[in-house]
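Close look at the chain arrangement
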Amino acid sequence: MKKLIPVVVIVLVLLVAFCACNKNEPTKIDNPTTPATDTSVITVSDTTLVLAPTSDYVGQTLLSFMQASTLKGLMEFSLANGLVVSINGVENTSDYSKCWMLYTSDENMANTAWGTVEYQGNIYGSAIKGVTELTIIENGLYIWVYTTF
């Protein structure tokens, strides 16, 4: 376990470095092609998922919303060491050259220097906290994008 922690830290540092090297051009997300049965989980594509938690989840972690959405059959995901490693069957590669990245409309919890995404004409920055710590805000959007580095 002690050997795993430095490896995880190194991987996270490399991910941040790759994001910092981005030309800061937002990834553009097209309109949803597969509407979900619940408007709080919008499947845009196999590699993009927009989460719009209802006010019932304000103050809770994004993880709690995702777990509830999984129970409703709206999405599936898995975690490893606190990181999302798979969403709806699409898994991160072992070298993290392709992985799920989280963006948010919460300006206090976003960093545009780490990367941006465009959704419905708005630009959202990369989340500075992970799914286990990011707290849901009123009318917040949380966008998962499977990114290639």
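Above this text you will find the structure in question.
From a predicted model like this one, the values you see are computed outputs, not experimental measurements.

**Brief notes about the overall build of the protein chain**
On a plain count of helices and strands, the protein chain comes out with two helices and ten strands. Seen in sequence order, the protein chain has helices and strands lined up from the N terminus as α-β-β-β-α-β-β-β-β-β-β-β. The 149 residues of the protein chain split such that 39% are buried. Of all intrachain contacts in the protein chain linking residues separated by at least 6 positions in sequence, the fraction that spans at least 24 positions is 59%. Counting every atom, the protein chain has about 8400 Å² of accessible surface; 55% of that belongs to carbon and sulfur.

**Points about the nonpolar core**
Leu-51, Leu-62, Met-66, Ile-87 and Trp-144 are the most contacted members of the largest nonpolar core, which totals 24 residues. Contributing elements (two or more residues each) for this core: strand E3 (48–51), helix H2 (62–71), strand E5 (83–87), strand E7 (98–104) and strand E10 (142–148). No other element matches H2, which puts five residues into this core. Ignoring any residue separated from it by four or fewer positions in sequence, one finds Met-66 in contact with Leu-51, Met-75, Phe-77, Val-84, Val-131 and Trp-144.

**Things to note about the packing of aromatic side chains**
This structure, assessed with the given rule, holds two aromatic pairs. Centre to centre, the rings of Tyr-57 and Phe-65 are 5.0 Å apart; their planes meet at 85°, and the pair counts as edge-to-face. Accessibility classification places Tyr-57 together with Phe-65 in one group, the buried group. Aromatic side chains Trp-100 and Tyr-146 sit 5.4 Å apart centroid to centroid with 55° between the ring planes, which places their arrangement in the tilted category. Linking Trp-100 in strand E7 with Tyr-146 in strand E10, this pair joins segments that are 46 residues apart in sequence.

**With respect to the pairing of strand E8 (residues 110–119)**
With six bridges joining them, E8 and strand E9 (residues 122–127) adopt antiparallel strand pairing. Note that in E9 the partner of Tyr-119 across the bridge is Asn-122. Taken together, E8 and the strand that follows it, E9, pair antiparallel across an intervening segment of two residues, in which Gln-120 is found at a positive phi of about 50°.

Conventions adopted
- Residues numbered from 1 in each chain as written.
- Predicted model: local features only at pLDDT ≥ 70, side-chain atom pairs only at ≥ 80, totals over all residues.
- Heavy atoms only, no water.
- Helix = DSSP H or I, 4+ residues; strand = E, 2+ residues; numbered from the N terminus.
- Buried < 20%, exposed > 50% of the residue type's maximum accessible area, 1.4 Å probe, protein only.
- Contact = heavy atoms within 4.5 Å.
- Areas by Shrake-Rupley, 256 points an atom, 1.4 Å probe, with all protein chains shown as cover.
- Core = buried A, V, L, I, M, F, W, Y, C linked by side-chain atoms within 4.5 Å.
- Phe/Tyr/Trp six-rings, centres within 6.5 Å; stacked < 30°, edge-to-face > 60°.
- Pairing = 2+ DSSP bridges.

So, to be careful, I would describe these as geometric facts and stop short of saying anything about function.
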